[in-house]
Amino acid sequence: MGETIISIKDLRKSFGTHEVLKKIDIDINKGEIICIVGSSGSGKSTLLRCINKLEKQTSGKVLYHGKEVRDIQKDINEFRSKVGMVFQSFNLYNNMTVLQNCMLCPRKVLKVSKEEAFDRAITHLKEVGMAPYINAKPSQLSGGQKQRVAIARSLCMNPEVLLFDEPTSALDPEMVGEVLGVMKKLATTGLTMIIVTHEMAFARDVSTRTIFMDQGYVAEDAAPIKLFTDPQNPRTREFLSRYLAG
Amino acid sequence: MENPGNSLEWMLFLTEKYLKMFLQGTWLTLYIAVIGTVLGFILGYIIGIIQDMKINSGDFFPKRILVSFLKLVATAYVEIFRDTPMIVQAMIIYYGIRQAGVELTPVVAGILVTVLNTGAYMAETVRGGIGSIDLGQREGAWAMGMSPMQTMFYVVLPQAFQNIIPEMANTFLTNLKMTSVLNVIAVQELFMAAKTVGGNYYKYFESYLVIAVIYFVLCFLFNKLFGFMEEKMKGKTDYALAVEYMDNQ
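Residues numbered from 1 in each chain as written. Chains lettered and ligands numbered in written order. Predicted model: local features only at pLDDT ≥ 70, side-chain atom pairs only at ≥ 80, totals over all residues. Heavy atoms only, no water.

**Some details on the interface of chain B and chain A**
In this complex, chain B contributes 32 residues to the contact, which on the side of chain A involves 40 residues. Overall, the association of chain B and chain A removes approximately 3000 Å² of surface from exposure, summing both partners, and the carbon and sulfur fraction of that is 54%. A per-residue breakdown of the area chain B buries against chain A is headed by Met144, Tyr239 and Tyr245 of chain B, which together make up 25% of the total. The interface formed by chain B and chain A holds one salt bridge in total. Linking Glu139 of chain B and Arg49 of chain A is a salt bridge whose minimum nitrogen-to-oxygen distance equals 2.5 Å. (Contact = heavy atoms within 4.5 Å. Buried area = accessible area lost by both parts, 1.4 Å probe. Salt bridge = Lys/Arg side-chain N within 4 Å of Asp/Glu carboxyl O.)

Listed below in structure tokens is the structure:
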């Protein structure tokens, strides 16, 4: 097992009186492909959003290489530039072309040269098969194409970890495959990935570790082969049987 | 024209006789409206952005104090200027500044009033424009490590700007007409010109009708111009595939 990159320590999150995350402790190690599964409302997405501070946790800490990411803009920005995020709704910048989407943050956040940013953009757009579309605006692309661009855009930052928040949930069935294909390819490059997903087959085949969340708790955290074939927690069993039946 | 009879003849007579005065009035009206609106827009954007600022609990203490203070000032400013008539603002600012011992020409005071008034309305428009942009756009930038200010300038404002162009055009047209209230602080704009000309022959109806036509023509033309510009700014709807990168498909 590689070194620990992100440690989540006793993380809790409430929206008003409703506690959505209850005492979450997870270590994320270098090279891991972690899939987080669970029914809607179990806190998966909130956990992911708490990791990169899009949601402020109620208590607990997120450590990055052993150092706490404090609630200070400088800490948050630095951390986020190392931990990319791919959203369910893509969130490409609508006012920019595909190429500009990929070049903006390396230029403005990492301050790399224009040439360097361009090279990165082309390299990663080629990886996801979107290089011919550099001049297109997001509104001119299909959902699957948008998501592939969004993945390339995140890769342009050379992130240490990439978070995926239900990356295929907003896609038509035939587009799901193209995005999962890109993610499978990425998984072979050694990039650390945390993926919130409802794609059970993908979680089973691609992840190195699967986390099942239930009502704000980590109910089970195991290797996918174990979790999918021999779940220990009755809630996991129930959840999986519903999925496998449907 | 000699011995004008009906109203139309009077209008032509007055226009010919006082052409220079009407032209000067038109010029000053345009001058104040344009400068006042442009500066007002800038002020409005600044205020709108301040109102949208967020504070993190872990932020450096002086920064938190400063941002809270700026937000308070911004909110107070917007409320005060939106809740009082421009004509009253003009009087208070003009006489207030003179009373404080600073010599201010009516034109400068007029521009100042227009800027402050426009700024307050624009701040609300900008805030609405920012609010109309999907939160996902911001999250997409934040999640890549962009600061809130960078996010604002590169991602949110360009989109908000596009959305509020019609409202900005509207504000300019309003200002073009609202400069007429500045006659109360003796700015020699169009309304003042009509008042003066009308008084010379006791032909107020005809004199004001002349400037009504001028206001109408100005607003009509600007309206057409803004419509044309808006169309232009929509940009291309198609794009070219970059064939040089097609090989690995």
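**Remarks on the sheet that holds strand S6 (residues 83-86) of chain A**
Residue and element names in this part refer to chain A. The mixed open sheet is built from six strands, whose spatial order is S6-S7-S8-S3-S9-S10. Edge strands, defined here as strands with exactly one partner in the open sheet, are S6 and strand S10 (217-222). On average, each strand axis in the sheet is tilted by 20° relative to the strand beside it, whichever way the strands run. Note: strand S9 (residues 209-214) against S10, five bridges, orientation antiparallel. Each residue of the ladder has a partner; that of Phe212, found in S10, is Glu220. Running at roughly 145° to strand S7 (residues 161-165), helix H1 (residues 44-51) makes contact with strand S3 (33-37), S6, S7, strand S8 (192-196) and S9 of the sheet. Helix H6 (residues 173-187) contacts S3, S7 and S8 of the sheet and is inclined by roughly 150° relative to S8. (Pairing = 2+ DSSP bridges. Helix = DSSP H or I, 4+ residues; strand = E, 2+ residues; numbered from the N terminus. Axes fitted to C-alpha atoms, helices over the stretch in contact; angles between N-to-C directions.)

**So, the pairing of S7 of chain A**
Looking down a regular strand, the side chains alternate between one sheet face and the other. Residue and element names in this part refer to chain A. Burial of S7 is extensive: five of the five residues sit out of reach of the surface. Side chains of S7 alternate between two faces, with Val161, Leu163 and Asp165 and Leu162 and Phe164 buried alike. Bridging between S7 and S8 involves five bridges; their strand directions are parallel. Pairing of Leu163 across the sheet is with Ile194, part of S8. With H6 bridging S7 and the parallel S8, this β-α-β connection has right-handed handedness. (Buried < 20%, exposed > 50% of the residue type's maximum accessible area, 1.4 Å probe, protein only. Right-handed = clockwise from strand over helix to strand, strands pointing away.)

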